[in-house]
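Spelled out from the first residue to the last, the chains are:
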Amino acid sequence: MNKLEAEDIYYLMVLGRAFEYAAKENYMKGNISGFLHLDIGQEGFSVAAIKAFEKGDIFSTYREHIMAMARDIETKAIMAELFGKQTGVSGGKGGSMHLFEPSRFFYGGDAIVGGHIPNAVGCAYARALQGNEDGVMVIFGDGATNGGAFFESLNIAATHKLPLLFLCENNEYAIGTNIKRAAPFREQAKKAEPYMLTYTVDGMDAKAVYETVRKAQIQIQEGHGPVFVEAFTCRYEGHSVSDSNAYRSPQEMNHCKVKDPLEKFKKELQEKWLCSEREIKSIEAKAQKAVDEAVEYAENSPEPELDALFENVFYEERKNVVS
Amino acid sequence: MLYREALNKALDEVMNADDTVVTLGEDVGLYGGSFRVTEGLVEKYGEKRVIDTPIAELSIVGNAVGMAIGGLRPVAEIMTGNFSLLAFDQIINHMAKLRYMSNGKITLPMVVRFPQGVSRQLAAQHSESYEQMLSAVPGLRVLSVSDVNYAYHALKYAVLSDDPVIFIEHELLYNKKGEVNFSQNLDPFKARIAKEGSDITIVSYLKMVDDVMLAVPEIEKELGCSCEVIDLCSLNPVDYESLKHSIEKTSRLVMVEEDHKTGGYGAQIVSWAAEEMFYTLDAPPLRLAGEDVPIPYNRSLELASIPTPESITRDIVTWGKKNDV
């Protein structure tokens, strides 16, 4: 990571946090509806992991706004999608949970916990067959590691030595159920140990996440087969905006928020890369401006045409009557 | 050529012509396929393209979805229909929806092959039919093959199509003999007129088409009438146009299917006829379907649970006499 890359990561983290707060505000105003899963507290993880996985396909979950931004998908198109507008990433048909951009090799947006992991395995199989060495990264939470799709995927990826990076974001909560009540141990990497190389990392430390994911991708590119990385994070908000987060005490939340990823990475910028206060303020202002513009763009964008209802059900559109 | 050989020939041809076509499933490779549909393919195309999978149906379909995203054309085989239930999250939430949720950015050129139906005393967990559920899912094309020629052409079409296709086969059809017209340009979504007639339109699909054809001579003799038999071939979309033409000629509709009657596939056809053809019909439609029971092991009970040529004859003749056919 050089200074420019570090500044970019910080910019995306600030952008992500400002985006999530703006999304929350617009949810309260009624501009955004449905389920809205905020990534506040986990920005360092989301940005650094995507940036470190330089090329290759990425499959992620419903908590993916910031990851999409880190994959260079336009902030305003993401906000417009949350608003359900025609100009959204998915034309207003997907919403917050379904952001996809194949031109950026980003298949964000799966809202079935663990359901996208077998898709990533299949994509990794395709890449191996095609001789593509970049590999595939699949991101999921600790909750997904208790389901069958996850275990089937470990088994198949290891059997075929697929170029697949399993990246687990362990924030200890499956909606409101603590990992201690859903699994026999806190470190989910233990589940992958019999199958592949595993690493654990502090997910609140963007630099550490970046370095670990980078190392893992290089190992995959060198032909070591799948690698498992687990990052421990803290989700500041409820599971979604409609979750009041009542199952975590104020003490637990305070403890969890001590290592704020933005504060930590700002120090890195100041101490290692000698960024001045002015440079940092300028990055922060640029991020806030981008979010304000994204909200304005989303507000002013048109609703989808009603004809869109029937579009893209199939590639080859046919009426249900053949003449 | 046998039905399974026609499917094998179709797969062989598309795999030979296009390197991106792969097939995956339990025992499709070294074993040759549990119904021998994939026989010989692994020797020709290797284990990388003819992929033996673990017994993990969720992954068979889930991996196929990812392969399609990654630029391949996967043909997944589910060993038997009932096992597909383990893959329904992938079939319904992923295979059917990714295109729409991404507003067309994701295209899934993939096929899930699906042997199903009452075979011979395989009992409740190896005998059921799921076309009613699958054809009710927007985003899936559902083809149901009963004819050998159709099996060849429709499977080739399905593999080369850029839409996700559920390709339903019936386990008792694999050894059916028929001719394949290799040069035919066949529309897989068009219904097939299995027999022309003028007084009763009998609609069916998969193995029940053959059972209806066995019943027809006796029905025609008993009722002194002529039956038209339509093989739907495609369950989604439905060729309503062909049904309409036939019913306008005969004014009578009988639907014959093997799945359970409640919520069964034929309910859609009869409901369509009630809405669209009510004033054309001279008799209430008749629906013959499987009983609302799990499929039993005992042969007599098993045969009593689904329509057979004998029960089809009996029920249509009774209905015909009651309704002045």
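Criteria and cut-off values
Residues numbered from 1 in each chain as written. Chains lettered and ligands numbered in written order. Predicted model: local features only at pLDDT ≥ 70, side-chain atom pairs only at ≥ 80, totals over all residues. Heavy atoms only, no water. Contact = heavy atoms within 4.5 Å. Buried area = accessible area lost by both parts, 1.4 Å probe. Salt bridge = Lys/Arg side-chain N within 4 Å of Asp/Glu carboxyl O. Polar contact = N/O pair within 3.5 Å; in protein donor to acceptor, adjacent residues only side chain to side chain. Helix = DSSP H or I, 4+ residues; strand = E, 2+ residues; numbered from the N terminus. Buried < 20%, exposed > 50% of the residue type's maximum accessible area, 1.4 Å probe, protein only. Pairing = 2+ DSSP bridges. Right-handed = clockwise from strand over helix to strand, strands pointing away. Domains from an automatic or database assignment. Axes fitted to C-alpha atoms, helices over the stretch in contact; angles between N-to-C directions. Core = buried A, V, L, I, M, F, W, Y, C linked by side-chain atoms within 4.5 Å. Parallel < 35°, antiparallel > 145°, perpendicular 65-115°, else oblique. Left-handed = near helix turned anticlockwise from the far one by under 90°. Nonpolar A, V, L, I, M, F, W, Y, C, P; charged D, E, K, R; others polar.

J.: Got a minute to help me understand the interface of chain B and chain A in this structure?
T.: It is common to give the size of an interface as the accessible area that goes away when the parts come together. Taken together, the contact pairs 48 residues of chain B with 44 residues of chain A. Between chain B and chain A the total buried area reaches about 3,900 Å² when both faces are included, carbon and sulfur atoms providing 58% of it. Of all residues in chain B, B:Tyr100, B:Met101 and B:Lys105 bury the most surface against chain A, accounting for 18% of the area lost on that side. Between the two partners, chain B and chain A, sit one salt bridge. B:Lys105 is the salt-bridge partner of A:Glu101, the closest N and O atoms lying 2.6 Å from each other. Seen at the junction of chain B and chain A, the total is 23 residue pairs in polar contact (both at pLDDT 80 or more).

J.: What is the right way to read the side chain of B:Glu228 from this model?
T.: Residues and elements named next belong to chain B. Within the fold, Glu228 resides in strand E9 (residues 227-231). Judged by relative accessible area, which is 3%, Glu228 ranks as buried. Among the polar contacts listed, one links the side chain of Glu228 to the backbone nitrogen of Gly197, at a separation of 3.0 Å. One polar contact links Glu228 to Ser246, side chain to side chain, over a distance of 2.8 Å. Leave out the neighbours within four places in its chain, and Glu228 touches Ile193, Lys195, Glu196, Gly197, Ile200, Thr201, Ile202, Ser246 and Lys249.

J.: Help me understand the pairing of strand E12 (residues 286-290) of chain B in this model?
T.: Along any regular strand the residues' side chains alternate between the sheet's two faces. All names here are of chain B. Counting buried positions along E12 yields five of five residues, so the element is predominantly enclosed. Across four bridges, the pairing between strand E11 (residues 253-260) and E12 is parallel. Counterpart to His260 in the pairing with E12 is Gly290. As a crossover connection, the stretch from E11 through helix H10 (residues 266-276) into E12 is right-handed.

J.: Help me understand the domain arrangement of chain B, please; the structure alone is not making it clear to me.
T.: Residues and elements named next belong to chain B. With domains assigned, chain B is organised as domain 1 (3-170) and domain 2 (192-322). The centre of domain 1, based on its C-alpha atoms, is set 27 Å off from the matching centre of domain 2. With 28 residues of domain 1 at the contact, the number on the domain 2 side is 25 residues. In terms of surface lost to domain 2, no three residues of domain 1 exceed Val118, Gln121 and Ser146, which account for 26% of the buried area on that side.

J.: Help me understand the sheet that holds strand E2 (residues 100-101) of chain A, please; the structure alone is not making it clear to me.
T.: Strand-to-strand pairing in sheets goes through backbone hydrogen bonds, with the strands running parallel or antiparallel. Residue and element names in this part refer to chain A. Taken together, seven strands build an open sheet; the order of strands is E2-E3-E1-E4-E5-E9-E8 and the sheet is mixed. At either end of the open sheet lies a strand with only one pairing partner, and these are E2 and strand E8 (197-202). In terms of strand pairing, strand E1 (residues 57-61) meets strand E4 (residues 136-141) through three bridges, oriented parallel. Its bridge partner being in E4, Ile58 is matched across the sheet by Met137. On top of the sheet, helix H6 (residues 148-159) reaches E4, strand E5 (164-170) and strand E9 (227-232); it is set at about 150° to E5, its chief contact.

J.: Looking at this model, I keep getting lost on the nonpolar core. Mind explaining?
T.: What tends to happen in soluble globular proteins is that the nonpolar side chains get buried as a cluster. Counting residues in each nonpolar core, the largest one holds 79 residues, and the members touching the most others are A:Phe166, A:Phe228, B:Ile91, B:Ile166 and B:Leu232. Each of two domains, domain 1 (3-170) and domain 2 (192-322) of chain B, supplies a minimum of three residues to this core. Ignoring anything within four residues of it in the chain, the contact list for A:Phe166 reads A:Ile117, A:Val138, A:Phe140, A:Phe150, A:Ser153, A:Leu154, A:Ala157, A:Met196, A:Pro226, A:Val227, A:Phe228 and A:Val229. Listed in part, the 74 residues of the second largest apolar core include A:Ala52, A:Ala206, A:Cys275 and A:Ile280.

J.: Explain the sheet that holds E11(B) to me, please; I cannot follow it from the model alone.
T.: All names here are of chain B. Read from one edge of the open sheet, five strands run E7-E9-E8-E11-E12, paired in mixed fashion. Of all strands in the sheet, those with a lone pairing partner are strand E7 (192-195) and E12, marking the two edges. The sheet shows a mean angle of 25° between the axes of neighbouring strands, taken without regard to direction. Across three bridges, the pairing between strand E8 (residues 200-204) and E11 is parallel. Each residue of the ladder has a partner; that of Ile202, found in E11, is Val254. Each of E7, E8, E9 and E11 is contacted by helix H8 (residues 207-223), which is oriented at about 170° to E9, the strand it contacts most. This element, H10, spans E11 and E12 of the sheet and lies at about 155° to E11.

J.: How do you make sense of the environment of A:Val136 when you look at a structure like this?
T.: Residues and elements named next belong to chain A. By the secondary structure assignment, Val136 is in strand E4. A relative accessible area of 0% places Val136 in the buried class. Considered as a pair, Val136 and Gly122 are 14 residues apart in the sequence and their alpha carbons are 9.8 Å apart. What Val136 contacts, discounting residues up to four positions off in sequence, is Phe53, Asp57, Phe59, Ala120, Cys123, Ala124, Arg127, Pro163, Leu164 and Leu165.

J.: What am I meant to see in unusual backbone geometry here?
T.: Leaving glycine out, the prevailing phi sign among residues is negative, and the prevailing peptide bond configuration is trans. Residue and element names in this part refer to chain B. With an omega of 5°, the peptide bond running from Asn236 to Pro237 counts as cis. Tracing the sequence through the fold places Pro237 in the loop between strand E10 (234-236) and helix H9 (240-250). Although it is not a glycine, Asn103 sits at a positive phi angle of roughly 55°. Looking at where Asn103 falls in the secondary structure, it is placed in the loop between helix H5 (98-101) and strand E4 (111-116). Within the chain, Asp324 stands out as a residue other than glycine whose phi angle is a positive 55°. By the element assignment, Asp324 lies in the segment after helix H12 (309-322). According to the relative accessible area criterion, Asp324 is exposed, its value standing at 65%.

J.: What exactly am I supposed to notice about the packing of helix H1 (residues 3-28) of chain A against helix H4 (residues 75-82) of chain A here?
T.: Residue and element names in this part refer to chain A. The geometry of H1 relative to H4 is characterised by a closest axis approach of 11 Å and an angle of 25° between their N-to-C directions. In terms of orientation, H1 lies roughly parallel with respect to H4. Between H1 and H4 the crossing geometry is right-handed. In contact with Leu15, Phe19, Ala22 and Ala23 of H1, H4 contributes Thr75, Ile78, Met79 and Leu82. The class makeup of the residues in the contact of H1 with H4 is seven nonpolar, one polar and no charged.

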